[in-house]
Amino acid sequence: WCIEGGGMPGTFYPPDAADSGIDLSALVVVRAPSVIAAGRAAERLLRSGAFGLIVIDFGSSNLEASNTRISDAMLGRLVSLAQGNDAAIVCLTEKSQDSGSLGSLVSLRAEALRARAGNDFEVTVRAVKDKRRGPGWSRAIKARGPSGL
C-alpha cells in the first residue's frame, strides 16, 4: 500500500526493500506533507493494532527536517499506543548531534554513520541519548548496500 500526501518526493525504492527481506505485501508507505500529518498517520496505524513497527522518515522529505519537533501531546499518544500494541516507532531525521531531539519523550536517540568498505559498507550506530542503558554506547556492523546503490 502507498498512501500519498501532496506529491512529496521520496527515496523509498521498493526493490531495495524486497532485496533486504521486506515483505512488500505487508508494508504500508505513507508520504505525509507535514510533521503533524506524519504524526497523525502514525497514530492511525498504531490504533489499528496491525503493525509492530512504524518508521517515520523526516529526513528524506520537506518536513522541516532540521527543525522537526513533535508536540509532547502527540508524542505521548504515540508512546502510549506503541506500548499498548507492543509496537515500536522509529523516527529518522537529519540533524546535527547538538540540535534538539524530537521531544522529551524520545527514549533513544542514535547517530548512524556509514563508510564504504570495498563493495560493502560499515555502519556504526552511536547512542546520543538512551533512557534505558545510558548514552555513549556504539555498535558497528558490515552490511551490503541495496541493489539500487
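Residues numbered from 1 in each chain as written. Predicted model: local features only at pLDDT ≥ 70, side-chain atom pairs only at ≥ 80, totals over all residues. Heavy atoms only, no water.

Engineer: Would you take a moment to explain helix 2 (residues 35-48) for this structure?
Structural biologist: Three- or four-residue spacings in an α-helix give side chains the same orientation, since the helix completes a turn every 3.6 residues. Look at helix 2: 20 Å from first C-alpha to last across 14 residues, which is about the 20 Å you get at 1.5 Å a residue. Inspection of helix 2 places Val35, Ala38, Gly39, Ala41, Ala42, Glu43, Leu45 and Leu46 among the buried residues, and these make up the whole buried set. On its buried side, helix 2 packs onto strand 2 (29-30), strand 3 (53-57), helix 3 (72-84) and strand 4 (88-92). Two residues or fewer after helix 2 comes Gly49, characterised by a positive phi angle close to 75°. (Helix = DSSP H or I, 4+ residues; strand = E, 2+ residues; numbered from the N terminus. Expected span 1.5 Å × (residues − 1). Buried < 20%, exposed > 50% of the residue type's maximum accessible area, 1.4 Å probe, protein only. Contact = heavy atoms within 4.5 Å.)

Engineer: It is not clear to me how unusual backbone geometry should be interpreted in this structure. Could you clarify?
Structural biologist: Comment: phi is negative for the bulk of residues other than glycine, and the bulk of peptide bonds are trans. In this structure, Asp86 is a non-glycine residue whose phi angle is positive, near 50°. Mapped onto the fold, Asp86 is located in the loop between helix 3 and strand 4.

Engineer: Is there a simple way to explain the nonpolar core in this structure?
Structural biologist: Within soluble globular proteins, side chains that are nonpolar generally end up buried alongside one another. Of all hydrophobic cores here, the largest spans 19 residues; its most connected members are Leu46, Ile54, Ile56, Phe58 and Ile70. Mapped onto this core, the elements with two or more residues apiece are helix 2, strand 3 and helix 3. Residues in contact with Ile56, not counting those within four places in the same chain, are Ala38, Ala42, Ile89, Val90, Cys91 and Leu92. (Core = buried A, V, L, I, M, F, W, Y, C linked by side-chain atoms within 4.5 Å.)

Engineer: It is not clear to me how the packing of helix 2 against helix 3 should be interpreted in this structure. Could you clarify?
Structural biologist: Between two packed helices, both the angle of their axes relative to each other and the distance between the axes serve to describe the pair. At a minimum axis separation of 9 Å, helix 2 and helix 3 run at an interaxial angle of 20°. Here helix 3 runs roughly parallel to helix 2, going by the angle between their axes. For the pair helix 2 and helix 3, the crossing hand works out as left-handed. Along its contact with helix 2, which presents Ile36, Gly39, Arg40, Ala42, Glu43, Leu46 and Arg47, the element helix 3 presents Met74, Arg77, Leu78, Leu81 and Ala82. Broken down by class, the residue content of the contact of helix 2 with helix 3 amounts to seven nonpolar, one polar and four charged. (Axes fitted to C-alpha atoms, helices over the stretch in contact; angles between N-to-C directions. Parallel < 35°, antiparallel > 145°, perpendicular 65-115°, else oblique. Left-handed = near helix turned anticlockwise from the far one by under 90°. Nonpolar A, V, L, I, M, F, W, Y, C, P; charged D, E, K, R; others polar.)

Engineer: Sorry if this is basic, but what is going on with the sheet that holds strand 6 (residues 120-130) here?
Structural biologist: Two modes of strand pairing occur in sheets, parallel and antiparallel, and in both the strands are linked by backbone hydrogen bonds. On the basis of which strands lie adjacent, the open sheet formed by three strands has the order 5-6-7 and antiparallel pairing. At either margin of the open sheet sits one strand with a lone partner, and together these are strand 5 (108-117) and strand 7 (138-144). In this sheet, neighbouring strand axes are inclined to one another by 25° on average, regardless of whether the strands run parallel or antiparallel. Across 10 bridges, strand 5 lies against strand 6 in antiparallel orientation. By the bridge assignment for strand 6, Ala115 is matched with Glu122. (Pairing = 2+ DSSP bridges.)

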